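Structural features, examined
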Amino acid sequence: MAPILTVSPKQSPFPYAATAIAAYTGKADINFDDATTAISLVIGDSTIDDEEAIVQSLAKEAGLAEDSAKSPAFFALAKNLRTLTVFPEIVSVLDSLDDHLAFRTFLVGHEISAADWFVWGSLKGNIKILGLLKNNQHPHLLRWFSHLESLKSTQTLLADLASAKANKARTNKTAAGFALGLQDAIDGQVVTRFPPEPSGYLHIGHTKAAILNQYFAKMYHGKMIVRFDDTNPSKERTEFEDTILEDLQLLDIHGDVVTHTSDHFDTLYDYAVKMIKDGKAYADDTEQLQMREERFNGIASKHRDDSIEDNLKHFDEMKAGTTEGQRWCIRAKISVDNPNKAMRDPVIYRCNALPHHRTGDKWKIYPTYDFACPIVDSIEGVTHALRTNEYRDRNPQYYWMMEAAGVRKVNIWDFSRLNFVYTLLSKRKLHWFVNEKHVSGWDDPRFPTVRGIRRRGMTIEALTQFMLSQGPSQAVVSMEWDSIWTINKKIIDPIAPRHWAIAKDKIVPVTITGGPSSIEVKLVPKHKKNPEVGEKKTVYSSTIFIEQEDAQSFDYEANEEITLMDWGNAIVKSKEVDASGTITSVAMELNLEGDFRKTKKKITWLAQPTPEYPLPPVALVDFDYLITKKKLEENDEVADFVTPVSEFKELAYADANVLELQKGDIIQFERKGYYIYDGETDGVREFFKIPDGRAAGIASKAGPAATPSTSTPAPTSTPKPSSKTTESTPPPTMYKMEKIYGNDIQSELTSQMYKMDSIYKE
C-alpha cells in the first residue's frame, strides 16, 4: 500500500514543499482532509509529521539528487523565509538566491532535489515574495521558480488543491456507509463490473453505476471490469461501444479490462445444454402474449414436462436458425406460481437470425441478460455485482442461475436508481428527440447524456461527489437538479477566471471626463481571491460601453456616484435618450478618490474597440428543460410535453482575453454567471451558461408555444423607463391560461370598508 500524505487544504501556510515533492515523485498519495490539523505522512506503521522530514523521506525514496554539502543550508534558508516579514530582509534573501542560480539550473547538482522543493515551497507560501518575483528583479530565481511550477505534477497538485479548498466532499461517515454495504469484501480481492449495453450513449443514470463500481474497486485496491452486454444483435453496434468508452473517458473512469458477454457465447451455450440435461431448462414455443399471460396467472407451459431429448432437439433447431427453430425459446425451469413473478420460468435463450457485430453469422441463438449476467460475472471473477434496486425482485433469480449452472456465487450490492425532474432517461424517448431534431445530437447540452451534461459544464468532481453523497440509499425519488449544480458551482468558483461581457442590444456608449488621454493596458488578476488563476489584460479608455440596464438604473438628477469595476468610482453627469426611452449615450466624470465601499452600484464595462484592441463578438446561450412536466407517466406521450422553446441566445461583446480560451474552458462572466466555452460558429464564440443551483437558474423557463426547434434571443432585463416615457405592457412569458374564476364575480353586499377595485379587473 502506497504511503499516504494527509494535509488540510485550509492549512496556513500550506505545505507546498511536501505536497509538491509527493506529486513529483509519485511516492505518496495525497489526501486532502478538512478535518486534519497538521500534515502527516503514513508509511506502513510509522507516521512523520514534520514537513522537512517528509520532504527528505520522499526524496530519499525516489532517489533524488542530494550530493551537496550545501543542502542543509538551503533547508535552513527555506525555514527562515517563512518567517520573514521585513521587506529589506526578504529582498536580501531573494538577491542571494538569484545570484546562486545565475549559472545553475537547480540549487544543488544537475537535477531537481529535495532542497529545490523545500525552497520552492517556502517561496510559494509567502504572498509578499510572490509579489516581489513578479517585478522581474530576480530573473534567474523567477526562471527556476516558474520551471518547478510549470511541471505537470505541480500543475495537477495546484488544480487539486484549488478544488479541495471549495470541496465539501463526502465525509468519512459516507465512505464508511459504503464500506459497510459491501459485504464480504477483502482488500486486494474485490472485483466489480460495469456492464453497459452497446445500444446507445451513457446518460447520468449510468454515471452513478460507473462511479460506484470504480469507487469500490479503488477503495479495496481491486479492479473493475468494463463489460459490454452484447447479447441482442437487433440493437447493438460497434459505434456505441466506441462512444461508451469515450463517455467513460470523459468521466475519468477507466476499467482495468474491457470484455464482452459475446466472449463467452460458447461457454454460455454449454451451460444451457447442461441445464437442459439436468432438467433445469426446457424448450417452449408458446406465443409471447400467451406466455406473458400464463406467467402472470401462474399457469404451466404445455411443454414444461417435455423430455430432455425433445428439448435438446429443439435447441439444436434453434442453434441452426431453421424456420422451425425460430419458433422456440429456452426457459429456465424454476417455478410456475412463485409469488415473485421473476421466478416464473424466465426465458434464457432466444433465436435471432441477424448477424452479431462481433461474431457475425456464427450464432443464431443468444442468451438473455438474466441468464448470461450471473454466469459471466462468476466466470470473470466478479466478487460484487452492483445493481439498481429495480432489479431486486430478480436477485433470487440471479442466485438461482449461478446455482443451477454450478458456478461460484457473486455478492449483490444494490442501490437506488437515479432520476431527475424534467429529465428523460429512456433510450427510446431520447432517440425520439434526436430523430425529430428537437436537439442537435446526443451531445446536446440539454440532454442528460454524459457528453451532454459535460458539454453544459458539469465537472467530473461534481458528478463523483454527488453520486457518493447519495450513500447506500434505497429510496427511489425524482431529484431536483439544484444539489448537483450547487456542488458543481463550489468546484468551479475558486478556479474559474473572471471575464466581462456586455449585451449588444441597446448597448450604451459612455464618455468619461478625466479618463486616459490614450488607451492604457494593465494586468489585473483573473480571480481576485485566487492569484494562482493568473492575470488578464484590461484595456482602459475614455470611451467605454455599458449595458442599457445599468444605464437605466442610474440617478442622473442626483449625479449618482457608481463604481466601474477594476477601475474606480465615476460620477454620472448626463444622458441622452431617444423617443422610445432608450438611453443612447452617457457622460461620466472619473473620481478615483471615491470610496467604492460607499457606492451601491458596481458595474462591468468594456473599452470601445479599436483596430488594435477589438472586442470579440460572443453568444451567451442558456437552456431550458426539454419537457414541461416534472415526471412523465407511463401513458404520457412525449410529444405532448415538449418545451416549445428550450434554447435562448443573447449576443454580446466580451473582453479580448476570451480569445485565449480553449473549447471546454469554464469561466465566469461577472454579474452574468458561469459559462463554458463551446467553440466558434461563423466568427462568434459561443458560451453555454452553467446552472449554479439557485432556484431561478434551475426553474423551468417554458415560454409561449413555438416550434420546438426555433431558437429565440434570450430575454434581457427590461430597462426602467424615464418618467416622461410611457411603454406598452410587455407580452406575458407564461402559457396562456383560461381564467380560474371565469367572469369576475360582483358582490351585491354592502360593506362598511373602503371601496376597492377588483383585483381581477382587466
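Please refer to the structure placed before this passage.
Now for a description of the structure that goes with this document. (Residues numbered from 1 in each chain as written. Predicted model: local features only at pLDDT ≥ 70, side-chain atom pairs only at ≥ 80, totals over all residues. Heavy atoms only, no water.)

With that out of the way, let us pick up the overall build of the chain. For the chain, the helix and strand inventory stands at 22 helices and 32 strands. Looking at the chain residue by residue over its 762 residues, the buried ones come to 49%. Taking as baseline every contact in the chain between residues at least 6 positions apart, the subset at least 24 positions apart corresponds to 73%. (Helix = DSSP H or I, 4+ residues; strand = E, 2+ residues; numbered from the N terminus. Buried < 20%, exposed > 50% of the residue type's maximum accessible area, 1.4 Å probe, protein only. Contact = heavy atoms within 4.5 Å.)

Turning our eyes to something else, we now look at the pairing of strand β5 (residues 191-194). Here β5 shows no split at all, with Val191 and Arg193 on one side and Thr192 and Phe194 on the other all buried. Judged from the 4 bridges that link them, β5 and strand β6 (residues 223-228) form a sheet pairing that is parallel. If you follow Val191 over to β6, its bridge partner there is Lys223. In this fold, the crossover linking β5 to β6 by way of helix α10 (residues 204-219) has right-handed handedness. (Pairing = 2+ DSSP bridges. Right-handed = clockwise from strand over helix to strand, strands pointing away.)

With that out of the way, let us pick up the sheet that holds β5. What holds strands together in a sheet is hydrogen bonding between their backbones, with the strands either parallel or antiparallel. Taken together, the 3 strands give an open sheet; going across it, the order is β5-β6-β7, and neighbouring strands pair in parallel fashion. The open sheet terminates on both sides in strands that have one partner only, identified here as β5 and β7 (257-260). The sheet shows a mean angle of 30° between the axes of neighbouring strands, taken without regard to direction. Across 4 bridges, the pairing between β6 and β7 is parallel. Considered in β7, the bridge of Val226 is made with Val258. In this fold α10 packs onto β5 and β6, with an angle of close to 165° to the strand it touches most, β5. Across the face of the sheet, helix α11 (residues 238-250) comes into contact with β5, β6 and β7 while running at roughly 150° to β6. (Axes fitted to C-alpha atoms, helices over the stretch in contact; angles between N-to-C directions.)

Before going further, it helps to examine helix α3 (residues 71-81). Residues spaced three or four apart along an α-helix face the same direction, because each turn holds 3.6 residues. Here α3 has its buried residues at Ser71, Phe74, Phe75, Ala78 and Leu81. Viewed end-on, α3 has its buried residues packed into an arc of 120°, placing them on one side of the element. (Arc of directions from axis to C-beta.)

Let's shift gears to the pairing of strand β9 (residues 329-332). Burial of the side chains of β9 extends over both faces: Cys329 and Arg331 are buried on one face and Ile330 and Ala332 on the other. With 4 bridges joining them, strand β8 (residues 281-284) and β9 adopt antiparallel strand pairing. When the bridges of β9 are listed, Tyr282 appears paired with Arg331. As judged from the 2 bridges shared by β9 and strand β10 (residues 347-351), these two strands associate in the antiparallel manner. Residue Ile330 lies in a different strand from β10, and its bridge partner there is Tyr349.

Tallying each qualifying case throughout the model produces 37 salt bridges. Asp493 is the salt-bridge partner of Arg498, the closest N and O atoms lying 2.7 Å from each other. Between Lys601 and Glu560 there is a salt bridge, with its nearest N and O atoms 2.7 Å apart. In this pair, Lys601 is assigned in the loop between β24 (583-591) and β25 (602-603) and Glu560 in the loop between α21 (548-553) and β22 (561-564), connecting sequence segments 41 residues apart. Residue classification places Lys601 among the partly exposed positions, given a relative accessible area of 22%. For Glu560, a relative accessible area of 14% puts it in the buried group. Put simply, Arg193, Arg227, Asp377 and Glu380 are held in one network by salt bridges that share partners. (Salt bridge = Lys/Arg side-chain N within 4 Å of Asp/Glu carboxyl O.)

Taken in spatial order, the 4 strands line up as β2-β1-β3-β4 in an open sheet, and their pairing is mixed. Unpaired on one side and paired on the other, β2 (29-32) and β4 (46-48) mark the two borders of the sheet. Each adjacent strand pair in this sheet contributes to an overall mean axis angle of 25°, direction not counted. With 3 bridges joining them, strand β1 (residues 4-7) and strand β3 (residues 40-43) adopt antiparallel strand pairing. Residue pairing across strands places Ile4 opposite Val42, the latter belonging to β3. Across the sheet, helix α1 (residues 16-25) lies against β1 and β2, angled at about 150° from β1, the strand it touches most.

Keep in mind these numbers describe shape, not what the thing actually does.
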